[in-house]
Amino acid sequence: MGNEQTSNPQDDYKAKETKPQLGERWPHGGFRGGGGWISSDRVTSTYDLVEQMHFLYVRVVKARDLPPNPVTGSCDPYVEVKLGNYKGKTKHFDKKVNPEWKQVFAFSKEKIQSSIIEVFVRDKEMVQRDDYLGKVVFDMNEVPTRVPPDSPLAPQWYRLEDRRGESKVRGEVMLAVWMGTQADEAFSEAWHADAALVHGEGVHSVRSKVYVSPKLWYLRVNIIEAQDVESLDKSQPPQVFVKAQVGKQVLKTKVCQTRTTNPFWNEDLLFVAAEPFEEQLVLTVECKAGPSKDEIAGRLVLPLNTFEKRLDHRPVHSRWFNLERFGFGVLEGDRRHELKFSTRIHLRACLEGGYHVLDESTMYISDQRPTARQLWKQPVGILEVGILSAQGLVPVKPKDGRKTTDAYCVAKYGLKWVRTRTILDSLSPKWNEQYTWEVYDPCTVITLGVFDNGHLGGNENSAAAKDSRIGKVRIRLSTLETDRIYTMSYPLLVLQPSGVKKMGELQLAFRFTCLSLANIIYLYGHPLLPKMHYLHPFTVNQVDSLRYQAMNIVAVRLGRAEPPLHKEVVEYMLDVDSHMWSMRRSKANFFRIVSLFSGVISMSKWLGEVCKWKNPITTILVHLLFCILICYPELILPTMFLYMFLIGIWNYRSRPRQPPHMDTKLSWAEAVNSDELDEEFDTFPTSKPENTVKMRYDRLRSVAGRIQTVIGDMATQGERFQALLSWRDPRATSLFIVFCLIAAVILYVTPFKIIALVAALVYLRHPRFRSKMPSPPCNFFRRLPARADSML
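Residues numbered from 1 in each chain as written. Predicted model: local features only at pLDDT ≥ 70, side-chain atom pairs only at ≥ 80, totals over all residues. Heavy atoms only, no water.

**Side note on the UniProt feature "transmembrane region" (unreviewed entry) in the chain**
Moving on, step 1. Taken from the UniProt record, the annotation "transmembrane region" (unreviewed entry) applies to residues 508-525, 590-608, 620-652 and 735-764.
Moving on, step 2. Span residues 508-525 is 39% helix and 39% strand, its end C-alpha atoms 31 Å apart.
Moving on, step 3. Annotated as residues 620-652, this span is 88% helix and 0% strand, and its ends, taken at the C-alpha atoms, are 31 Å apart. (UniProt positions renumbered as here; feature names shortened; annotations may be inferred. Helix = DSSP H or I, 4+ residues; strand = E, 2+ residues; numbered from the N terminus.)

Structure representation (C-alpha cells):
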C-alpha cells in the first residue's frame, strides 16, 4: 500500500488519454452510419467534439388579455416555470396586461424528476402573497424533440387554466416547449435551472460568454523641442523636461542639459492605447525648481484620434502646438488671449499599426498578428476545442456549513476569450461546450484555466470576492497532428504556499485542422512577430513595460463586459507574474541548461572511452572510419547529414503521441522547500519582517555570486582567445605568431590528409602513450592574460 501511495502522485500529475462518446446522436436512439454517433469526418457538425447533453427548453414569449386586480385595477405580471424542484421566474412588468418577456428556460434532462411542466402566470404583490392568474401544464411524454439545423419551434397561444385545471380562465400566454441539445441556438442565452440558486446580479455570471480582447495600438510620441518656456524664477534660464500621460501610463523625457528657454530633446515615448480611444495624451512642460520640486510651465491635451496611423516606418509630419499657460483659472480665461507669447511644443506622434502589441509572454504567445488588419494574412488552420468536464475538483469555499465549488472554464487564444457557464455546487461539472478559433500561425499556444465563481451574490462580501484559481492547461498547436481528434484528461496543478497541489482533472477534446499545408510550411521560414519588431525593435525594458501596460488595459476592458471577466482571471491567464524572482524557477532554468549539455557531456565521455581504449573494437572502428573520411574528405558532410537522418528516423518510433503538459519535476515544484515557496508568494515590495528579508537577501547574494562566477569564467575564456593576437602578453603573442607562420608553411607543404591523420592518431593514441599532465597547448592557453586583472 505504501508503494502505491508514493507512486500515485507521479501518475496523477500526468496527462491521460480518455475515450468519451463524442458527437451528435439521432433522437430516440436512431442510428447513422452503423453507429449511434456521427463519424469524425463530418466536420460540418457544430458539436462533434463534445458529449451530447439534452435539455428541456421552455420559451416564454408574451401574454395577452390578463385580468386586472379587482382592488388596484392593474396587473404586474410575471411567469414562473416549474419542473419538479426547479423554478424559474421571468421579470415582472408594472401595470401591463399584455406583457412581452421573450425569455428561454433550460432544464438539464439528467436532473428532471417530474413528468409534467407547469407554467404559472402570477400577479406580483408588494405586501401580500402574489395573486394566481392561471397556468398551463405540459406532459413530458408529449414534448417534441428538435434537432438542428431544423428551424426553431414556433410558439403557440395557450389558454390559462384555473388551479385545478378543470376550466379555462381569462388570459392567454404564448409558449414553445421542446427537447433539444446544447447545439440549440437558445442554449447560450437560456436561464439554466442552476441559476435558481444564484441571487441578484450574480445570475449574469453563470452564463457562457465569448469576449474579444480590445484592439491595442502602440502610441509613439516623439518630443522634439519647445519654445519660449518661462519659469517663475526669472533670474536664470530654466531646466526643462516634458511629462506625458495616457490613462495611467506616465513617462518623462530627460531633463534638457542646457539651461534655455528653447529646450531640445528629440526623444521617443511609447504608450499602449486601446480602441475605442477613451484616454487622451496629456503633456506638461515642467521646469526644475529644486532637487525634488518641479513647476509646471504649460499643459496640452490631445485626443488620440487626432494622430495618424502608420503601417510601416514612413516619416510622420511633425506639428507645433501651443500650450495652455498653467495657473490661469476659468474666471481668468479671457486674459489668455492678452498674452503676446505662448509656450509652443514641437511633436511628431503616430499610432503604430505594424507591430503586434504584446499582452502575453512570448513563450506562450497565442497571436502574433500586427495591429493593422490590412497586414493580416489568410488563416492556415482551424482549432476546435470541446471543453467536456472536470473530475475530482477540490472544494474551495464554504457554503451552508460545507465546502463546495462553482466551477467554470476560460479559454484564451488570439483575440478571442471564451467562458463556459458556471456549474453550481458540483465537484464533477459537465460543460460540453465547443468553441472554434482561426489559426494564423501553428507555433502558438492556447491557454485554458478553471476557476471557482466567487461572484454569485447572496453574501455580504460579493463586492470583494475573487474567483479562485483551480488550475491551468497550455497546449502548443505545433505539437498536434493535423485532423486528429485528441481526447485528453489534464491534471489541474496549482502551486500554493504549502507546495504543488492537484485540484482535479480537466477533460478536453481538441482538433487542429489544416487549411493550407503550403502556407504552414511557408510560415516556418519566417519570423514569429511582424517585421517592424526586427527592423525597428524596442529595448528589453520597453517591451517589459509595454507588456505590463497592455495586460492592465486588457484586464480593465474585459472587466467592464457584462458579465465581467475579472482582473484576477485575466492576470492568471496572461501569466502576469512570470517575470518575478523565484528561487524555484531559477533552479529549474539552471537544470534545464544542464540537461541541454548532457548530450555533449555523454559524447565527450564516449570519446574519452575511445581514447582510453576501454573497448578496443570500438576504438579500431573509429580509426577505420576516420581513415576512410581522410581518404575521401568529400564524404565528411554527407556522412554527418546521413547520420542525423538515421537518428531522426530511429526516433520516429518513440515520438510523443500526446501534446506535452506541465511537468512538476521540470518545474522543481515537488522538491522546493517551504521558505522558497513563501518567498515566491510574497508581495512586491515585500511584506515580510526584517530578519526574514535579511536572510533571503543573503541567500540571493550567494546564488547571484555563483552565477557571477560562472559568467566571469566564460568571459575569461573569451578574453584569452582575444589575447592570442592582442600583444597584451608580448612573449605569448610572439610565440603564437611564430607558431602560426611555421604551421602555415607545414600545412602548405604537407597534404591535409596526412595532417588530419596524424592529428587523429595522436588524439586516439593508447593510454600507455599518454601523460596525466595537461598538454602544452592547454598550458599555453591557461597562461594567457584576461581582463579580470583590471576589475576593481
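**Some remarks on the nonpolar core**
Moving on, step 1. Core analysis: the largest hydrophobic core is formed by 67 residues, its most contacted members being Trp417 and Leu448.
Moving on, step 2. Element by element, the count of residues in this core is highest for helix H4 (residues 540-559), at seven residues.
Moving on, step 3. Of all hydrophobic cores here, the second largest spans 31 residues; its members include Val246, Cys256, Ala273 and Ala297. (Core = buried A, V, L, I, M, F, W, Y, C linked by side-chain atoms within 4.5 Å. Buried < 20%, exposed > 50% of the residue type's maximum accessible area, 1.4 Å probe, protein only.)

**Looking at the environment of Cys409**
Moving on, step 1. Relative to the helices and strands, Cys409 is located in strand E25 (residues 407-413).
Moving on, step 2. Apart from the residues within four sequence positions on either side, Cys409 is in contact with Ile387, Val418, Arg419, Thr420, Trp431, Leu448, Gly449, Val450 and Leu506. (Contact = heavy atoms within 4.5 Å.)

**Concerning unusual backbone geometry**
Leaving glycine out, the prevailing phi sign among residues is negative, and the prevailing peptide bond configuration is trans.
Moving on, step 1. Residue Pro276 is bonded to the preceding Glu275 through a cis peptide linkage, with omega at -10°.
Moving on, step 2. Of note, Pro276 is situated in the loop between strand E15 (264-274) and strand E16 (280-290).
Moving on, step 3. The omega torsion across Glu562 and Pro563 is 0°, close enough to zero to call that bond cis.
Moving on, step 4. When you line up the elements, Pro563 lands in the loop between H4 and helix H5 (567-573).
Moving on, step 5. Unlike most non-glycine residues, Lys102 shows phi in positive territory, near 50°.
Moving on, step 6. Looking at where Lys102 falls in the secondary structure, it is placed in strand E5 (residues 100-108).

**Some words on the pattern of salt bridges**
Moving on, step 1. In this structure the tally under the stated criterion is 33 salt bridges.
Moving on, step 2. Between Glu185 and Arg146 there is a salt bridge; the shortest N-O distance is 2.8 Å. Of this pair, Glu185 sits in the loop between strand E9 (168-181) and strand E10 (191-192) while Arg146 sits in the loop between strand E7 (131-139) and strand E8 (156-161), and the two are 39 residues apart along the sequence.
Moving on, step 3. Taking the relative accessible area as the measure of exposure, Glu185 reaches 52% and is therefore exposed.
Moving on, step 4. The salt bridge involving Lys397 is made with Asp452; its shortest N-O contact spans 3.4 Å. Of this pair, Lys397 sits in strand E23 (residues 397-399) while Asp452 sits in strand E28 (residues 445-452); the two residues are 55 residues apart in sequence, bridging distant segments of the chain.
Moving on, step 5. Note on Asp452: relative accessible area 2%, which makes it buried.
Moving on, step 6. Residues joined in a network through salt bridges with shared partners are Arg220, Asp268, Arg310 and Glu352. (Salt bridge = Lys/Arg side-chain N within 4 Å of Asp/Glu carboxyl O.)

**Considering the packing of aromatic side chains**
Moving on, step 1. Here the structure, examined in full by the defined rule, presents 17 aromatic pairs.
Moving on, step 2. Seen from their ring centres, Phe451 and Tyr572 are 5.7 Å apart, and the 85° between their planes marks the pair as edge-to-face. One end of the pair, Phe451, is in strand E28; the other, Tyr572, is in helix H5, and 121 residues separate them in sequence.
Moving on, step 3. Assessed through its relative accessible area of 10%, Tyr572 is described here as buried.
Moving on, step 4. Grouping aromatic residues by their ring pairs yields a cluster made of Phe55, Tyr57, Trp178 and Phe187.
Moving on, step 5. Between the NZ or CZ atom of Lys96 and the centre of the ring of Phe93, over which it lies, the distance is 5.0 Å.
Moving on, step 6. Against the face of Trp320 rests Arg344, its NZ or CZ located 4.3 Å from the ring centre. (Phe/Tyr/Trp six-rings, centres within 6.5 Å; stacked < 30°, edge-to-face > 60°. Lys NZ or Arg CZ within 6 Å of the ring centre and 35° of its normal.)

**Side note on the environment of Asp233**
Moving on, step 1. Counting through the fold element by element, Asp233 comes out in the loop between strand E12 (216-227) and strand E13 (240-246).
Moving on, step 2. Between the alpha carbons of Asp233 and Phe781 there is a distance of 64 Å; along the sequence they are 548 residues apart.

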